[in-house]
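If you want the building blocks of each chain, they are given just below.
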Amino acid sequence: MNTVDIRPQSLMANCIRALTIDAVEAAQSGHPGAPMSMADAATVLFEKHLKFDASAPHWPDRDRVVLSNGHASMMLYSLFYLTCYPEMTIDQIRNFRQYGSKTPGHPEYRLTPGVETTTGPLGQGLGAAVGMAITEKILAAEFGKEVVDHRTYAFCGDGCLMEGVGQEAVSLAGHLKLGKLTVLYDDNSISIDGPTELAFTDDIPAKFRSLGWHVIMADGLDPESMDRALREARSNEDRPTLIDMKTIIGYGAPHKQGTAKAHGSPLGPEEAAAAKKALGWHYEPFVIPNELLDRWRAIGARGARDRAAWEARHADLPEATRKEFDRRQKGDLPAGFDRLIKETRDRLVDKPEKLATRKASQNALEVLTAALPEMVGGSANLTGSNNTDTKALGPAYKPEKPGRYIHFGVREFGMVTALDGMAAHGGIIPYGGTFLTFSDYCRNGVRIAALMGVRSIFVMTHDSIGLGEDGPTHQPIEHLAALRAIPNLNVFRPCDPVETLECWALALKSDRRPSLLALSRQSVPQLRLEKTDENLSARGAYVIRQIGGKERDLTILGTGTEVEIAVRAGEELAKNGITVAIVSMPSWELFQAETGTYRDEVLGSAPRLAIEAAVKFGWTRYVDAEDDVIGLESFGHSAPGEVVYEKMGITAGALVARARKKLGI
C-alpha cells in the first residue's frame with residue numbers, strides 16, 4: 001500500500017478509523033471499510049462546515065447529516081462519541097451491535113441522539129435527505145431565515161446510487177433545485193461482490209449534471225481537497241451539489257484496503273494491528289489520546305455560540321409567530337382540533353352524501369389543511385385520482401416559491417422516503433398519495449416510517465377490485481394483508497365519509513406512528529347518521545348497526561366499502577327473524593390495542609362472518625375459519641367494478657347464503 005498520510009488533520013480522522021476497527025473487532029461483525037474510507041471527509045465536514053451543537057442534538061436549526069450508506073454506522077457513532085453527544089459513551093462504542101446498546105448495526109432514529117433518520121436499506125437515506133431539504137425550504141419561506149437556515153448533508157455509496165429509490169430521489173432533488181442539499185459520494189469502486197465494474201459502470205458525474213446537479217470532483221482522502229469542495233458546495237444554492245469523493249475502501253489496512261474484503265467483516269486481529277501501525281496509531285483499543293479527544297470535544301462545543309445566537313433571534317420573533325413555530329416543532333396539533341373534527345362530523349351527519357372515500361378524504365382535507373398550516377401534501381403523479389390537493393394548500397411547490405403541495409412525479413418509493421425525511425425533520429406533517437396496488441413499489445419506505453415511529457401519512461386510493469376497468473394489474477388483492485403485517489403501522493380502511501374524517505383525525509394525532517388510508521374509487525352511502533362526541537373509529541372496530549332484536553344471532557365484520565354490503569345482507573337476514581350485528585373495523589391495529597373486554601363486547605358470542613374485497617389471510621383472528629370470510633382467492637378482472645364484485649362473489653347474496661349455512665337454516 002502507499003504511505004498513509006498522518007498529518008494532524010488525518011490523525012483526527014484516524015480517531016474514527018481506530019474506533020471503527022476496535023468496535024467491529026469486538027463485535028466480530030460490522031462494516032469497517034466505508035468508515036475508514038470516509039473518515040477524512042467526515043472530519044472536515046464536522047470540524048469546518050457543519051452547523052451543530054453536540055450538547056443539543058435536537059436544536060431545530062442544526063444542519064442535518066444523513067448516512068444513506070447506513071452500514072457505515074461506526075463512522076457516525078465515532079463522531080458522536082468524539083464530539084460528546086448525549087449518551088454516546090465509550091462503553092456504547094464497546095457494545096457496538098449488542099442488545100440494548102445505542103450503537104446498532106445500522107443507525108436508528110430516536111434510539112441514538114444525533115441520528116436524523118433510520119438508514120440501512122440503501123438509497124432510502126437519499127430520499128429522506130431530499131425530504132429534509134424540502135422541509136427546510138418550506139419552513140424558511142414561512143418563518144424566515146432568522147430561525148430556519150440550515151443545510152442537509154448526505155453520505156452515500158455506490159449501492160445507494162444503484163438502487164432505484166436513489167435515482168428517484170436525486171432526480172426529484174435536481175428538479176426542485178434543492179440548493180442546500182449536498183451529497184458526499186464515497187466513490188471507492190468496491191461493492192460486496194467485488195469491483196463495482198462488475199455491475200455498475202454509470203458515469204455518475206455526467207448523470208448528476210444531466211439531472212440538474214452541481215458536481216464537484218474531490219480527493220476524499222485529502223482534507224484540503226474536501227475543504228475546498230465543501231466550501232464550493234456551500235456557496236452554491238441554486239441547485240443541489242454532488243461531491244464525488246475518490247476514496248479507498250478500508251483505507252489503512254495494508255492487505256485488505258481497496259478490496260471487497262474490507263467491506264462487511266472484521267479485518268481480523270493481524271490486519272487490524274497492521275492497519276493501526278500503518279496509520280501511525282499506537283494506542284490501546286478504544287483509547288483516544290487526550291490531545292486529540294480535546295480537539296474533537298472543542299469541535300462538538302463550537303456550535304454553542306451559533307445556537308445561542310439562534311435562540312436570541314427566536315426570542316425576538318413576534319409572540320404569535322414564536323408560539324406557532326414552537327408548536328410545530330413539538331408536533332402538537334393546534335388548539336381546538338377536537339372541536340373542529342366534531343363540528344365537521346356533525347355537518348356530515350346533517351347532510352349525508354354518497355361518495356367515494358377518496359373524495360370524502362379530499363373533503364376532509366379541505367377542512368384540515370385550512371386549519372393545520374403544517375400539513376404538506378403531494379402525490380406520485382395521481383393528484384386527480386388520489387384527491388390529495390386542496391384549495392387551502394395553495395400553489396404547488398416550485399423552486400422559486402416553495403408551496404405546500406408537491407408533485408412527486410412517478411416516483412412512489414422516492415415520495416415515501418421523502419415523506420419520512422420530512423416527518424423526521426419536524427415542523428410539518430407530510431402526506432402523499434398513490435394507488436394502493438403501488439404500495440408494493442414503496443413498501444420498504446412505509447416499513448422504515450413504522451420502524452422510526454414518524455407521522456408520515458400515506459393516502460392509498462383505488463383500494464380494491466372496485467376500481468374496475470383498469471383490471472387486475474391495478475386491483476389490490478393481497479396488499480391490505482401485507483401492510484397490516486407491518487408493526488407500528490395504522491392501516492385505516494374507512495367505510496364512509498364520517499369514518500374517513502375520523503381516520504384522518506387519528507392519523508394526525510398519531511405522532512409516533514405512521515398511518516395509511518386505503519380509500520375507494522367507487523361511491524358508498526353514508527352509514528353513520530347519528531351525531532356523537534366520540535371518534536368511534538378510534539377504538540378500531542365498533543357495532544355500526546344492529547338489525548333485528550336485542551340479542552344477536554350473527555355478527556358480520558367488514559371494512560371499507562364492504563360494510564355497506566354487510567348492512568344489506570343483515571337487512572335481508574332480518575326479514576327472516578335473524579338479528580345481525582354489523583361491525584365496522586376501520587383499523588385492526590387500534591382494535592387489537594383495545595382491552596379484551598371491549599373486543600369481546602364488539603365481537604359478541606354469536607357466530608361470526610367477515611367480508612372484505614381482499615385475500616382472506618388474517619381474518620381467522622376474528623372468525624373461526626377462512627370459510628367464514630367472503631373474500632378473494634385470485635386476481636381480479638377488467639370490467640366495471642360492480643360486475644367484478646358480482647363475478648367474484650363479493651355480494652350481499654353470497655353473504656346471506658354463507659350466513660344461512662353457518663346458522664344451519
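In what follows, the structure referred to is the one given above.
So, here is what we can say about the structure in this document. Quantities reported herein were computed from a predicted structural model and do not represent experimental measurements.

## A look at the overall build of the protein chain
1) Next: Looking only at helices and strands, the protein chain features 25 helices and 20 strands.
2) Next: Against the 2.2 N^0.38 benchmark of 26 Å for 665 residues, the protein chain shows a C-alpha radius of gyration of 28 Å, consistent with a compact globule.
3) Next: In terms of principal-axis extent, the alpha carbons of the protein chain reach across some 90 × 55 × 45 Å.
4) Next: For the protein chain, buried positions account for 63% of its 665 residues.
5) Next: By sequence separation, contacts in the protein chain at least 24 residues apart represent 78% of the contacts at least 6 residues apart.
6) Next: For the protein chain, the accessible surface area stands at approximately 24,800 Å², while carbon and sulfur atoms represent 49% of it.
7) Next: Taking the average location of the 76 positive side-chain charges in the protein chain and that of its 86 negative ones, the two points are 3 Å from each other.

## Structural notes on the packing of aromatic side chains
1) Next: All told, the structure shown has 17 aromatic pairs when counted by the stated rule.
2) Next: A centroid spacing of 5.2 Å and a plane angle of 70° characterise the contact between F46 and F52, whose relative ring orientation is edge-to-face. The residues F46 and F52 share a single accessibility class, namely buried.
3) Next: With 4.9 Å between their ring centres and 75° between their planes, W281 and Y283 make a pair best called edge-to-face.
4) Next: Classification of Y283 by relative accessible area gives partly exposed; the value is 33%.
5) Next: Among the aromatic residues, ring-to-ring pairing joins W588, F591, Y598, W619 and Y622 into one connected group.
6) Next: One Lys or Arg, R484, reaches over the ring of W588 and ends 4.0 Å from the middle of that ring.

## Looking at the sheet that holds strand 7 (residues 241-246)
1) Next: The parallel open sheet is built from five strands, whose spatial order is 1-2-3-7-6. Two strands close off the open sheet at either side, each with one partner strand: strand 1 (64-67) and strand 6 (214-219). Averaged over all pairs of adjacent strands, the angle between strand axes in this sheet comes to 20°, irrespective of strand direction.
2) Next: Where helix 2 (residues 33-49) meets the sheet, its contacts fall on strand 1, strand 2 (152-156), strand 3 (181-187) and strand 7, and the angle it forms with strand 2 comes to roughly 170°.

## Quick word on the nonpolar core
1) Next: Core analysis: the biggest nonpolar cluster contains 71 residues, and L126, I134, L178 and L516 have the highest contact counts within it.
2) Next: Top contributing element to this core by residue count: helix 5 (residues 124-143), with 10 residues.
3) Next: If you look at the next biggest cluster of nonpolar residues, it comprises 55 residues, including F52, F80, I90 and Y153.

## Here we look at the pattern of salt bridges
As a working rule, side chains carrying opposite charge can pair if their charged atoms are close by.
1) Next: According to the stated counting rule, one finds 38 salt bridges in the structure shown.
2) Next: Here R17 and D40 are joined by a salt bridge, their closest N and O atoms 2.5 Å apart. Of this pair, R17 sits in helix 1 (residues 8-27) while D40 sits in helix 2, placing them 23 residues apart in sequence.
3) Next: Given the relative accessible area of 2%, D40 is considered buried.
4) Next: A salt bridge links E633 to K616; the shortest N-O distance between them is 3.2 Å. Taken together, the residues span a long stretch of sequence, with E633 in the loop between strand 20 (629-632) and helix 24 (641-647) and K616 in the loop between strand 19 (608-615) and strand 20 at a distance of 17 residues.
5) Next: Salt bridges sharing common partners tie together E142, E324, R327, R328 and E374.

## Observations regarding the pairing of strand 18 (residues 580-584)
In regular strands, side chains alternate between the two faces of the sheet.
1) Next: Burial analysis of strand 18 places five of its five residues in the buried class, which makes it a mostly covered element.
2) Next: Here strand 18 shows no split at all, with V580, I582 and S584 on one side and A581 and V583 on the other all buried.
3) Next: Pairing between strand 16 (residues 542-547) and strand 18: five bridges, direction antiparallel. Across the sheet, residue I547 finds its bridge partner in strand 18, namely V580.
4) Next: Sheet analysis places strand 17 (residues 554-558) next to strand 18, joined by five bridges and oriented parallel. Counted as the bridge partner of T555 is A581 from strand 18.
5) Next: Tracing the backbone out of strand 17, into helix 21 (residues 562-574) and back to the parallel element strand 18 gives a crossover that is right-handed.

## A look at the packing of helix 12 (residues 304-315) against helix 13 (residues 319-330)
Between two packed helices, the angle of one axis relative to the other and the distance separating the axes together describe the packing.
1) Next: Relative to each other, helix 12 and helix 13 sit at 125°, their axes nearing to 9 Å. The angle between helix 12 and helix 13 falls in the class oblique. In contact with W310, H314 and A315 of helix 12, helix 13 contributes R322, F325 and D326.
2) Next: Residues of the contact of helix 12 with helix 13, tallied by class, amount to three nonpolar, one polar and two charged.

## Concerning the environment of I547
1) Next: Here I547 shows up in strand 16.
2) Next: Separated by 25 residues in sequence, I547 and E572 have C-alpha atoms that sit 9.7 Å apart.
3) Next: Apart from residues lying up to four places away in sequence, I547 is in contact with V567, G570, E571, A574, I578, T579, V580 and I582.

## Some details on the sheet that holds strand 13 (residues 490-492)
1) Next: Spatial ordering of the open sheet is given by 10-9-11-12-14-13, a layout of six strands whose pairing is parallel. Either end of the sheet is taken by a strand with one partner, and the two such strands are strand 10 (405-407) and strand 13. Geometrically, the sheet is characterised by an average inter-axis angle of 20° between neighbouring strands, direction not taken into account.
2) Next: Sheet analysis places strand 11 (residues 429-435) next to strand 12 (residues 457-461), joined by five bridges and oriented parallel. Looking at the pairing, F435 lines up with T461 of strand 12.

## A few points about unusual backbone geometry
1) Next: Positive phi, normally seen in glycine, also occurs at R97, with a value near 65°.
2) Next: Structurally, R97 is set in the loop between helix 4 (90-94) and helix 5.

## Thoughts on the pairing of strand 14 (residues 515-518)
1) Next: Burial of strand 14 is two-sided: the residues S515 and L517 facing one way and the residues L516 and A518 facing the other way are all buried.
2) Next: Bridge count for strand 12 against strand 14 is four bridges, and the pairing is parallel. Counted as the bridge partner of M460 is A518 from strand 14.
3) Next: Here strand 13 runs beside strand 14; their pairing, made up of three bridges, is parallel. Looking at the pairing, N490 lines up with S515 of strand 14.
4) Next: For the segment spanning strand 13, helix 20 (residues 497-509) and strand 14, crossover handedness is right-handed.

## Brief notes about the packing of helix 17 (residues 412-425) against helix 18 (residues 439-452)
1) Next: Packing of helix 17 against helix 18 brings their axes to within 7 Å, and their N-to-C directions diverge by 10°. One finds that helix 17 runs roughly parallel with respect to helix 18. In this structure, helix 17 crosses over helix 18, and the sense of that crossing is right-handed. Within the contact between the two elements, helix 17 uses E412, F413, V416 and D420 and helix 18 uses Y441, C442, N444, G445, V446, I448, A449 and M452.
2) Next: Along the lines of polarity and charge, the residues of the contact of helix 17 with helix 18 split into eight nonpolar, two polar and two charged.

Thresholds applied
- All residue numbers refer to positions counted from 1 along the written sequence of the respective chain.
- Totals for whole chains, interfaces and linings use every residue, but because this is a predicted model, local features are given only for residues with pLDDT of at least 70 and side-chain atom pairs only at 80 or more, for both listing and counting.
- Values shown for side chains rest on all heavy atoms present in the structure; no hydrogens or waters enter the calculation.
- Each helix corresponds to a stretch of at least 4 residues labelled H or I by DSSP, and each strand to a stretch of at least 2 residues labelled E; elements are numbered beginning at the N terminus.
- For this measure, only C-alpha atoms enter the radius of gyration; the expected value for a globule follows 2.2 Å times N^0.38, where N is the number of residues.
- Throughout, exposure labels follow a simple rule: accessible area from a 1.4 Å probe, protein chains only, divided by the maximum for the residue type, with under 20% read as buried, over 50% as exposed, and the rest as partly exposed.
- Should any heavy atoms of two residues lie within 4.5 Å, those residues are counted as being in contact.
- Method for areas: the Shrake-Rupley scheme with a 1.4 Å probe, in which residue coverage is limited to the protein chains shown.
- Only four residue types enter the charge count, namely Lys and Arg as positive and Asp and Glu as negative; His and the chain termini do not.
- Every charge is mapped onto a representative atom, which is NZ of Lys, CZ of Arg, CG of Asp or CD of Glu.
- Paired rings are identified among Phe, Tyr and Trp, the last through its six-membered ring, by centres lying within 6.5 Å, and are further divided according to the angle between planes into stacked (under 30 degrees), edge-to-face (over 60) and tilted (the rest).
- Two limits define a charge over a ring: the Lys NZ or Arg CZ must be within 6 Å of the ring centre, and within 35 degrees of the ring normal.
- A strand pair is defined by DSSP finding two or more bridges across the two strands.
- Inter-axis angles, ranging from 0 to 180 degrees, are taken between N-to-C directions of lines fitted to C-alpha atoms, where helices are fitted over the stretch in contact.
- Residues grouped as a nonpolar core are buried Ala, Val, Leu, Ile, Met, Phe, Trp, Tyr and Cys residues, joined through side-chain atoms within 4.5 Å.
- By convention in these notes, a salt bridge is any Lys or Arg side-chain nitrogen within 4 Å of a carboxyl oxygen on Asp or Glu.
- With the strands aimed away from the viewer, a crossover counts as right-handed if its path from the first strand over the helix to the second runs clockwise.
- Small angles under 35 degrees read as roughly parallel and large ones over 145 as roughly antiparallel, with 65 to 115 read as roughly perpendicular and the rest as oblique.
- When residues are sorted by character, Ala, Val, Leu, Ile, Met, Phe, Trp, Tyr, Cys and Pro go into the nonpolar class, Asp, Glu, Lys and Arg into the charged class, and all the rest, Gly among them, into the polar class.
- A clockwise turn of the near helix away from the far one marks a right-handed crossing, whereas an anticlockwise turn of less than a right angle marks a left-handed crossing.

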